[in-house]
Structure formats: structure tokens, C-alpha cells
Amino acid sequence: MNNKLKKMATPYLIWLYVLALAPAVFMFILMFLDTEGIDTEGLKFTFKNFAQLKEPSTIIALLNSLKFSIISTVICILLGYITAYYLYKSHLKNKFLLLTILILPMWSNLLLRTQALANIMEPNNIFTSIFKITVKEDAKGLAGSELAIIIGLVFTYLPFMILPIYTALEKIEPMLEEASLDLGADEFKTFRKVILPLSLKGVVTGSVMVFLPCMSGFAIPEILGKGNIVMIGNLIEQFFKNMNYNIGSLLAILILVLILLSIYLVNKFDKEGETIL
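Model, not experiment: these values are computed from the prediction.

Check the secondary structure of the chain and you find 12 helices and 2 strands. Its helices and strands in sequence order give the chain the pattern α-β-β-α-α-α-α-α-α-α-α-α-α-α, from N to C terminus. Relative to its 277 residues, the chain shows a buried fraction of 39%. Looking at the chain alone, contacts between residues at least 24 apart form 70% of all its contacts between residues at least 6 apart.

Throughout this description, disulfide means a covalent bond between two cysteine sulfur atoms. Counted by the stated rule, this structure contains 0 disulfides. Of all cysteine sulfurs, the one in cysteine 214 lies closest to cysteine 76, which takes part in no disulfide; the gap is 6.3 Å.

Attention shifts here to the environment of proline 174. Within the fold, proline 174 resides in helix α7 (residues 174–182). In this structure the C-alpha to C-alpha distance between proline 174 and isoleucine 195, which are 21 residues apart in sequence, comes to 9.9 Å.

Turning our attention to the packing of aromatic side chains. Across all of its chains, the model carries 12 aromatic pairs by this definition. Ring centres of tyrosine 85 and tyrosine 88 lie 6.2 Å apart, and the angle between their planes is 45 degrees; on these two criteria the pair is classed as tilted. One end of the pair is tyrosine 85 and the other is tyrosine 88, both in helix α2 (residues 56–89) and 3 residues apart, which spans about a single turn. We classify tyrosine 85 as partly exposed; its relative accessible area is 24%. Ring plane angle 45 degrees and centroid distance 5.7 Å describe the contact between phenylalanine 240 and tyrosine 245, whose orientation is recorded as tilted. Overall, the relative accessible area of 27% leaves phenylalanine 240 in the partly exposed class. Three or more aromatic residues link up through ring pairs in this structure, and these residues are Phe28, Phe32, Phe45, Phe47 and Phe50. It is lysine 67 that lies over the ring of phenylalanine 68; its NZ or CZ is 5.0 Å from the centre.

The rules behind each value
- Residues numbered from 1 in each chain as written.
- Predicted model: local features only at pLDDT ≥ 70, side-chain atom pairs only at ≥ 80, totals over all residues.
- Heavy atoms only, no water.
- Helix = DSSP H or I, 4+ residues; strand = E, 2+ residues; numbered from the N terminus.
- Buried < 20%, exposed > 50% of the residue type's maximum accessible area, 1.4 Å probe, protein only.
- Contact = heavy atoms within 4.5 Å.
- Disulfide = S-S within 2.5 Å.
- Phe/Tyr/Trp six-rings, centres within 6.5 Å; stacked < 30°, edge-to-face > 60°.
- Lys NZ or Arg CZ within 6 Å of the ring centre and 35° of its normal.

Okay, structure coming up:
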């Protein structure tokens, strides 16, 4: 049976090696080279690409990414935990249907969702057109602001927080909560002493699943921020567009290291993978 499963996994392993591992190795090599685009003539080994890490543009982009990622992750933790806890405590028969509705937007294209959100944030948007609302010429929308980026990040990645937390809550034995209440603890103390500690695996997993795409993404800040706010993903995109593959690869590898460290963190908290759907 194991041999059959291994054979079935072969196409996925090939896909992984060709589209994930090989480009990562290629970028790792490029970050130590001095080339003009993809021209290998005059190829030189160098460490001067690392000087880009000290450039103000890189530092600002990295700080912007950290700021927006942390803010968005904290908001997602608050909203995600409240939503997951409500579903966990509710006696609804169709919880799976509600979870499906929550992840339904993820089935559509990210760029289309972000572009639709950008339209709503404009003074003249789809709603003003439908309801024929007159908007002042000097009216300003949310698009192009920091708030627009935060809303976009939370709107896009909130399901990644809800699902792991809900999974962790569902795996808590009901008898533990009942025992706490029987021993005289009120509902808040039971939540603080029993439910919350046992659901932290889901919070950690969800935080990583939200933080990483917020940190490395470029589409949301580009569309909703209108290019006014540069994050590390936008900077990497700019370097690759300008055919500066060496520095672009360096920054991409930096993000890749962050991703690997985050995966290690998740494995430390959730060794069995119980909270990852």
C-alpha cells in the first residue's frame, strides 16, 4: 500500500522539485553573482549584493511589511478567534456550511477580489453607480491609504486564521470544560484557564498562515495602496521587472528563510499537524 502511495505521489514530487526547489536553488546562486540580467558573460562571484540590505529603500520596505503584517495578524487573531469561538459554542447543525461560506471568497482569483475591493474604496464606486449617488469632485476614497491595505489584508487572509482556531477548539474534550464548571469556575475563568491555553496551537498556526502572505505579498499593497506604500514584496517585484535578478533573488531568499523559520515554529507548537486543514 505504501509503495502505491509513493507512486501516486511521484507527480507531486516532480512538480515540487521543478517549480519550488529548483527556482529556490537558482535564486540562491544568483544572490552571490554579479550579472547583467540573465547574461552569463563576465559572470563574477561577489558579496556586494548584500549591501542592498543597508539601503534606506530596503529598510523602509521591510519595516512597512512588518508593520502591516503585525497589525493585520493581530486584527485577524481578534476577529478570527471571536468567529471561531462563536461557531464552536453554537448549536447550529450546519457548521460546515458556515465554514464553507467563510472560505468561499478564497475560491475566486485574488487579483479580482482585490480589484473589486479597490473599486469599493473609490469615491465613485459600484454602489454610487447602482444607487445613483452624487459624489463631490474633491471627495477622497480609502484607496491609496494605509487603512486600505490593512482592510485588504484582513479581508483576504482572515479565513486562514478562523479555520485553524476552529479546528483546535473542536478538538478540545467537552468533559474538560464541564469539569472546570463543576469545580466552581465560572465561564470566563474556564475560558481563560482551559479553552484558551488548549486553543493556542490554532492561534499560532493561524498567525503564521496570515503573517507570511501579508509579509511577502505585493498585489494587495500595489492595488489598494496605489503604489504609495512600498512593501518588501513590491521591492522584489521591482528588481525582477528591472532585470536586477541578483538583488531580487537576495530579497526573495530572505523571505524564504522567514517562511522556513515560521514552518519550524508551527511544527514546534503543532507537531501532529492537528490545526492545519
